[in-house]
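Structural characterization, general
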Amino acid sequence: MNAVLALPASLSLATPADVPDAGGHRSIAGGALVVVILLFLVVAAIGFLASRWRTSSEERGLHSLDEWGLGGRGFGSWVTWFLLGGDLYTAYTFVAVPAAMWATGAVSGFFAVPYTIVLYPIVFILMSRLWSVSRSHGYVTPADFVGGRYGGKVLSTAIAVTGIVATMPYIALQLVGMKAVLTVLGLGSGSNSFVNDLPLIIAFVVLAAYTYTGGLRAPALIAVVKDLLIYLAIVVAVIYLPSKFGGWGSIFGAADHKLSTTNPATGKPAGALIPGATSFNAYWTLALGSAMALFMYPHSITGVLATKSRNTIRRNAVVLPLYSLMLGFLALLGYVAIKAGTMPVDTNGKINAQLVVPQLFLDSFPSWFAGVALAAIAIGALVPAAIMSIAASNLFTRNIYRDLIKPDVTPRTEAKISKLVSLLVKVGALVFVLGMDQSSAINLQLLGGIWILQTFPAIVAGLYTRWFNKWALLVGWAAGMVYGTIAAYDVVNPATGKHFGGSIAAIPGTHTTVYIGVTAFVLNAVVATVGTLVLRAFKVKDTADSTRSTDYEVDEDDVRVQPVPEELRAELS
Amino acid sequence: MPQPVPSPDAPRHGGALRPDTPVRGPARPGPYVAAGVLVAIGIVLPLVVPIYARHDPELAGMPFFYWYQLLWVFIDAGLLFVAYTLMRKEDRRRRDVVRAAQGSGPGSHPPRHAAATDAAGDATEDGGAR
């Protein structure tokens, strides 16, 4: 989920009037903490056992990217449902969406619901073709596909670098989500900052270790535990909390009251329960742009390419929306927290909206159940962080190391490099979150969503046609990147006066405010189209293409993609 | 476990291209148009904000804006289910055409065989872990 993340930057709009004089010091929530630690240990054990899951003894070391980075390309419908659910609906989403609802209401928070609804028709259309062509050519990353389709290295490198740069802050944000849980549990209030950060460091070191040994199998197995826990937590919360706080009617009443109250810092209401006509375009472009962007992220594509057959992803597009329902109710918990009077006070004594849902769980449930819910969110950070680091390191190995440095690298070495890079990626994210202001991670993530959307024309058009000229696509990509970055920088938060204050801006020359990523995407597509027409008019040749039209239609049973001997298949099924 | 799919791109690694044999027979437009319409509805309608940016009617205290959008979770799932069923049927028909052409000969029943393989594939997949 990406544009969601734009919000917390503007969360300081939340009126400071309700800061209690709590000083921010928290005592440790013992019971809940014990449950969280126990569940974390269970998950770690599963993670370390994952390398033995569905591997033959000679494959134990996972000596190729297909094995380590794509789980052997054999995940069926069930595993994929859990894996993609865990991959797309991240811990940060669980923390940030209700936080946005709590602070500013529907436009910046609830758009996540239409976003994750229109997402699946888009996935349904596009991803089978990407699966087929990737399977028949052994592509592991989106940039592999772009390189194969358009030839040359410049465009595929641009796609790879965009993917890596957009993914890195996303990994960092998973740490931010986990930190919210740890803060609420009372870890982080001590005087020694190293001791405060220690739980986060331990969690990430353990995560890095089992991602190294188990590859994509580790998050796939952990996702099952995480998703079951989060469903349990949400179902109980949605049934129990509204009745506890007087029903949905009074919850929406309280939310309406809070959101329509004028914020003295800006002279405007904090938000709205129902978006007004001026926000309509922002609302739907945020939803559509984010949906188009999500499956351009390398970690989403990794989940798709790990599936067993062409139709696995389509079947999943039918059932994955169940997660969106859960996300919708989770978003509404932001309003429940308004009614409940939840006070998300951070360790520095300031209001931090991101703590609102963890705090609500801790305040409203017996400590053991709060522990289950908080563990679900914390473990929810591990799954996407693992998949994202795998995806980013695959991009590095395939599209930077192999394409640019050592073209004759063996699959075994590729796997070795990816494993090492995945460690570096995680250390980088950890250093970033511990060493820098959280808001830089959030700002970069906001930009990442805009950037990754700029890979859409090259990848998606490429799935259907070789009409576009690759240089035109490159110039379109560059135009979208530059415009998107500048436009995002120019958004100033009215309360704090800081740049990167949100992801919505007026279309240049108009007063219509829309998601910046969508404007940049349109610019990108127009430049690519016009550029192609111009280059064609000058008869510039651009015909390299190592894919054929039937590659986009193959299924697992087709001869050319079937290296598995028949007797082995029989044994497996 | 299947061996890793060999072979990154042939040209990149200097190998020769394999012959491009069709894996599916010609498409009939009907199922694609029908599925396309369903999918388009699933993308466009949830994004028409003026339809649902209103407070009433409420459902169990929840404003229309909220419950209507949550309702679309189920509508989109239903639309995609129908689209999936149409696509799977057409996809199998097109693959059977090719298999029949390849395996034609007296006494063999390629389409039947293909259908059986598909069903087996579905069963393993729906069964999840092996």
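Just so we're clear, the structure is a prediction, and the values are computed from it rather than from any experiment. (Residues numbered from 1 in each chain as written. Chains lettered and ligands numbered in written order. Predicted model: local features only at pLDDT ≥ 70, side-chain atom pairs only at ≥ 80, totals over all residues. Heavy atoms only, no water.)

**A closer look at the overall build of chain B**
- Helices and strands together make up the secondary structure of chain B, namely 4 helices and 0 strands.
- Each helix and strand of chain B, ordered N terminal to C terminal, gives the series α-α-α-α.
- Taking all 130 residues of chain B together, 39% fall into the buried category.
- Counting contacts in chain B only where the partners sit at least 6 residues apart, residues at least 24 apart contribute 58% of the total. (Helix = DSSP H or I, 4+ residues; strand = E, 2+ residues; numbered from the N terminus. Buried < 20%, exposed > 50% of the residue type's maximum accessible area, 1.4 Å probe, protein only. Contact = heavy atoms within 4.5 Å.)

**Examining the overall build of chain A**
- Regarding its fold elements, chain A presents 23 helices and 4 strands.
- Against the globule reference of 25 Å for 573 residues, chain A gives a C-alpha radius of gyration of 23 Å, in line with a compact fold.
- Across its three principal axes, chain A shows a C-alpha extent of roughly 65 × 60 × 40 Å.
- Taken over 573 residues, chain A has a buried fraction of 66%.
- Put simply, of all contacts in chain A between residues at least 6 apart along the chain, 84% involve residues at least 24 apart.
- Summed over its atoms, the accessible surface of chain A is roughly 18200 Å², and 68% of this surface lies on carbon and sulfur atoms.
- Distance from the positive charge centre (37 side chains) to the negative charge centre (29 side chains) of chain A: 3 Å. (Rg over C-alpha atoms; globule rule 2.2 N^0.38 Å. Areas by Shrake-Rupley, 256 points an atom, 1.4 Å probe, with all protein chains shown as cover. Lys, Arg positive; Asp, Glu negative; His and termini not counted. Charge placed at Lys NZ, Arg CZ, Asp CG, Glu CD.)

**Side note on helix H11 (residues 247-260) of chain A**
- An ideal rise of 1.5 Å per residue puts 20 Å on 14 residues; H11(A) measures up with 20 Å between its terminal C-alpha atoms.
- Buried within H11(A) we find Trp248(A), Ile251(A), Phe252(A), Ala255(A), Lys258(A) and Leu259(A). Burial along H11(A) is one-sided: seen end-on, the buried residues are contained in an arc of 125 degrees.
- In this fold, the buried residues of H11(A) make contact with helix H4 (91-104), helix H10 (217-244), strand E2 (268-269) and helix H15 (321-340) of chain A together with helix H3 (64-102) of chain B. (Expected span 1.5 Å × (residues − 1). Arc of directions from axis to C-beta.)

**Notes on helix H3 (residues 77-88) of chain A**
Residues and elements named next belong to chain A.
- Between its first and last C-alpha atoms H3 spans 16 Å; for 12 residues at 1.5 Å apiece the expected length is 16 Å, and the two agree.
- Burial of H3 is extensive: 11 of the 12 residues sit out of reach of the surface.
- Taken together, the buried positions of H3 are occupied by Ser77, Val79, Thr80, Trp81, Phe82, Leu83, Leu84, Gly85, Gly86, Asp87 and Leu88.

**Observations regarding the packing of aromatic side chains**
- For the coordinates displayed, the defined rule picks out 32 aromatic pairs over all chains.
- A ring pair is formed by Trp467(A) and Phe468(A), whose centres lie 5.0 Å apart and whose planes are at 80 degrees; its orientation type is edge-to-face.
- With a centroid separation of 5.0 Å and an interplanar angle of 90 degrees, the aromatic rings of Phe64(B) and Trp67(B) are classed as edge-to-face. With a gap of 3 residues between them, Phe64(B) and Trp67(B) both fall in helix H3, about one helical turn apart.
- A relative accessible area of 12% places Phe64(B) in the buried class.
- Clustering of aromatic rings is evident, with ring pairs tying together Phe110(A), Trp248(A), Phe252(A), Tyr283(A), Tyr335(A), Tyr52(B), Phe64(B), Phe65(B), Tyr66(B), Trp67(B), Tyr68(B) and Trp72(B).
- One Lys or Arg, Arg314(A), reaches over the ring of Phe124(A) and ends 4.6 Å from the middle of that ring.
- Here Lys419(A) stacks its cationic end above the ring of Tyr212(A), 5.9 Å away from the centre of that ring. (Phe/Tyr/Trp six-rings, centres within 6.5 Å; stacked < 30°, edge-to-face > 60°. Lys NZ or Arg CZ within 6 Å of the ring centre and 35° of its normal.)

**Things to note about the environment of Val345(A)**
- Structurally, Val345(A) can be placed in the loop between H15 and helix H16 (356-364).
- Taking the C-alpha atoms as reference points, Val345(A) and Phe124(A), separated by 221 residues in sequence, lie 42 Å from one another.

**Side note on the packing of helix H19 (residues 438-453) of chain A against helix H21 (residues 470-489) of chain A**
All names here are of chain A.
- Orientation of H19 relative to H21, taken along the N-to-C sense of each, is 150 degrees, at an axis distance of 9 Å. In terms of axis orientation, H19 runs roughly antiparallel to H21. Relative to H21, the crossing made by H19 is right-handed. Contacts between H19 and H21 involve Leu446, Leu447, Ile450 and Trp451 from the first element and Met481, Gly484, Thr485 and Ala488 from the second.
- In the contact of H19 with H21, the residues fall into 6 nonpolar, 2 polar and no charged. (Axes fitted to C-alpha atoms, helices over the stretch in contact; angles between N-to-C directions. Parallel < 35°, antiparallel > 145°, perpendicular 65-115°, else oblique. Left-handed = near helix turned anticlockwise from the far one by under 90°. Nonpolar A, V, L, I, M, F, W, Y, C, P; charged D, E, K, R; others polar.)

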